[in-house]
Amino acid sequence: MKTYSYGKQSIDWRDVREVVRTLRSNFLTCGPKVREFEQALCDYTGAKYAVAVSNATAGLHIAAMAAGLGPGDEVITSPITFLSSANCARFVGATVSFADVEADTANINPGEIEKQITDKTRAIIPVHLAGQSCDMERIHSIAKQHGLIVIEDAAHAIGSAYKGNRVGCCKYSDMTVFSFHPVKTITTGEGGAVMTNDEGLYRKLLALRAHGMHKDGDMAHDWRYEMRELGYNYRLTDIQAALGVSQLRKLERFKQRRREIVSIYNEQLALPHLTEREFSNACFHLYPVLVENRREFYERARKAGLNLQVLYIPVYTQPYYRALGHVAGECPNAEAYYERCISLPLYPSLTNADLREIIRRIKSILP
Ligand SMILES: *Cc1c(COP(=O)(O)O)cnc(C)c1O
């Protein structure tokens, strides 16, 4: 029996050719492919600057550092996300508050963000769940009113648009972070990028990606460098960047197929699913549906060859966050969503025959 999982990379011979060319070139890292990938990301999104990094978690970490977040600061994010959206605040010693999600999109609710703001709040990290943009205009205006930094966690959302602008353009934020993990929409194996329009943030991000080293002025022409702050080795290799360049060329086709699959599921399964807002043109990364008796559905799907996934366990219910004082019941919509959500297979290489088979199996396990 053919098995299907909730997500999968799409790699073809063009990707292989591009990677092999880099393997045969002079630079495996710190070479021209990284810059080419960064430029391609800027051209695609419309942002001025891109800093490619080893993964999105590293990107969120240096974004939090570049934003100047630290002990005593509070950061607001969504509970329905991967751990990194909150952990990046903890990396720099800031505390995290979770704002509840909207019931019909599972994206952070701007009204709930406002309720979480205190005089210590310094930043908001909205997460574009499943690829659908949050209401960035509202979030941006809340941030402006309170003098807050906005870092978009767009790990799911490369290819998506909000009010006609591509996610990553940073029109409503200071920085946007992408992930290129294999389950995400395009991949570099492991990888990520931080987008920004602010030259000062860009310079900081570049230094933080490489040990806090600077090589400017006279130093550009000799051996000297200066370490002015504590940075990391969060570089992406040229091998990975070559794959990224090749994958990015296919993003519009991936998006079209992802949207087609979503509309086929919406029509033919008619299970409760996320609502797409009129401001959104999502490159869907996930297709979550809501089911009763999720545990049973999950087990029966597995027996039917469908390896589905539950995304996400509300972050504040993790033992680490409980130990920091977070409690069950903090975000009722997030908890209700978590109780019923399960993500069905969604990736561009699914054929119409695959979809018919997946839909048949799902119908057979529904009560
Ligand atoms: C995958 C993911 C991340 C982390 O991405 P990595 O590249 O694996 O570090 C962060 N946030 C969200 C919402 C994600 O889905």
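Criteria and thresholds
- Residues numbered from 1 in each chain as written.
- Predicted model: local features only at pLDDT ≥ 70, side-chain atom pairs only at ≥ 80, totals over all residues.
- Heavy atoms only, no water.
- Helix = DSSP H or I, 4+ residues; strand = E, 2+ residues; numbered from the N terminus.
- Rg over C-alpha atoms; globule rule 2.2 N^0.38 Å.
- Buried < 20%, exposed > 50% of the residue type's maximum accessible area, 1.4 Å probe, protein only.
- Lys, Arg positive; Asp, Glu negative; His and termini not counted.
- Charge placed at Lys NZ, Arg CZ, Asp CG, Glu CD.
- Near = heavy atom within 4 Å.
- Polar contact = N/O pair within 3.5 Å; in protein donor to acceptor, adjacent residues only side chain to side chain.
- Areas by Shrake-Rupley, 256 points an atom, 1.4 Å probe, with all protein chains shown as cover.
- Pairing = 2+ DSSP bridges.
- Domains from an automatic or database assignment.
- Contact = heavy atoms within 4.5 Å.
- Buried area = accessible area lost by both parts, 1.4 Å probe.
- Salt bridge = Lys/Arg side-chain N within 4 Å of Asp/Glu carboxyl O.
- Axes fitted to C-alpha atoms, helices over the stretch in contact; angles between N-to-C directions.
- Parallel < 35°, antiparallel > 145°, perpendicular 65-115°, else oblique.
- Left-handed = near helix turned anticlockwise from the far one by under 90°.
- Arc of directions from axis to C-beta.

A word on the overall build of the protein
Secondary structure summary: the protein contains 13 helices and 16 strands in total. For a compact globule of 367 residues, the expected C-alpha radius of gyration is about 21 Å, and the protein comes in at 21 Å, within 12% of that figure. Oriented by its inertia axes, the alpha-carbon framework of the protein measures out at about 70 × 55 × 35 Å. When burial is assessed residue by residue, the protein has 56% of its 367 residues classed as buried. Taken as two groups, the 45 positive and 41 negative side-chain charges of the protein have centres that lie 7 Å from each other.

Structural notes on the site of the ligand
Inspection of the region around the ligand gives 15 residues, with Thr57, Asp153, His156, Ser179 and Lys184 positioned closest. Measuring from an oxygen atom of the ligand, one finds a side-chain N or O atom of His156 at 2.7 Å. Side-chain polar atom of Ser179 to an oxygen atom of the ligand: 2.8 Å apart, as the coordinates give it. For the ligand, the protein covers 92% of the area, taking 390 Å² as the surface of the free molecule. For the shell around the ligand, the secondary-structure elements that each account for two or more residues are helix H3 (56-66) and helix H4 (84-91).

Overview of the sheet that holds strand E8 (residues 165-166)
Read from one edge to the other, the open sheet built from three strands follows the order E8-E7-E13, with strand pairing classed as antiparallel. Where the open sheet ends on each side, the last strands, each with one partner, are E8 and strand E13 (280-281). As paired elements, strand E7 (residues 161-162) and E13 share two bridges and run antiparallel to each other. The residue bridging Ala161 from the neighbouring strand is Asn281, located in E13.

Overview of the domain arrangement of the protein
Here the protein is partitioned into domain 1 (4-248) and domain 2 (251-365). Here the C-alpha centre of domain 2 lies 24 Å away from the C-alpha centre of domain 1. Each partner contributes to the interface: domain 1 provides 46 residues, whereas domain 2 provides 52 residues. Of the roughly 4200 Å² buried between domain 1 and domain 2, counting both surfaces, carbon and sulfur atoms make up 59%. Connecting domain 1 to domain 2 are three salt bridges. Here Glu252 ties to Arg166 by a salt bridge, and the two come within 3.4 Å at their closest N and O atoms. Summed over the shared surface of domain 1 and domain 2, the result is 28 residue pairs in polar contact (both at pLDDT 80 or more). Ranked by residues supplied to the side of domain 1 that touches domain 2, first place goes to H4 with three residues.

Section: the sheet that holds strand E10 (residues 192-196)
Strands sit in the order E2-E10-E9-E6-E5-E3-E4 across an open sheet of seven strands; the sheet is mixed. For this open sheet the edge positions go to strand E2 (49-53) and strand E4 (95-98), each flanked by a neighbour on one side alone. Along the sheet, successive strands turn relative to each other by an average axial angle of 25°, direction set aside. Bridging between strand E3 (residues 74-77) and strand E5 (residues 121-125) involves four bridges; their strand directions are parallel. Looking at the pairing, Ile76 lines up with Ile124 of E5. The sheet strands contacting helix H7 (residues 199-209) are E2, strand E9 (175-179) and E10, and the helix crosses E2 at an angle near 15°.

Focus: unusual backbone geometry
Working note: non-glycine residues mostly have negative phi, and peptide bonds are mostly trans. The peptide bond linking Leu311 to Tyr312 adopts the cis configuration, its omega dihedral lying at 5°. By the secondary structure assignment, Tyr312 is in the loop between strand E15 (306-307) and helix H11 (319-322). Positive phi, normally seen in glycine, also occurs at His211, with a value near 70°. Within the element layout of this structure, His211 appears in the loop between H7 and strand E11 (213-214).

A look at the packing of H3 against H7
Two numbers describe a pair of packed helices, the interaxial angle and the distance between the axes. It is at 9 Å that the axes of H3 and H7 come closest, and there the two elements cross at 130°. With respect to H7, the element H3 is oriented oblique. H3 and H7 meet at a crossing whose hand is right-handed. Mapping the contact onto sequence places Ile62, Ala63, Met65 and Ala66 in H3 and Leu201, Lys204, Leu205, Leu208 and Arg209 in H7.

Brief notes about the pattern of salt bridges
Scanning the entire structure with this criterion turns up 25 salt bridges. The partner of Asp73 in a salt bridge is Arg122, and the shortest N-O contact between them spans 3.1 Å. A residue pair is termed long-range when its members are at least 10 positions apart, and Asp73 in the loop between H3 and E3 and Arg122 in strand E5 qualify at 49 residues. Judged by relative accessible area, Asp73 falls into the buried class, the value being 12%. When salt bridges with common partners are traced through the structure, they connect Asp12, Arg14, Asp15 and Lys250 into a single cluster.

Focus on helix H6 (residues 136-146)
All of the buried residues in H6 are Met136, Ile139, Ile142 and Ala143. Angularly, the buried residues of H6 cover 125° about the axis, an arc narrow enough to put them on a single face. Exposed and facing more than 90 degrees away from the buried side of H6 are Lys144 and Gln145. Next to the buried residues of H6 lie helix H5 (110-116), E5, strand E6 (149-153) and E7. Residue Gly147 follows H6 closely and has a positive phi angle near 65°.

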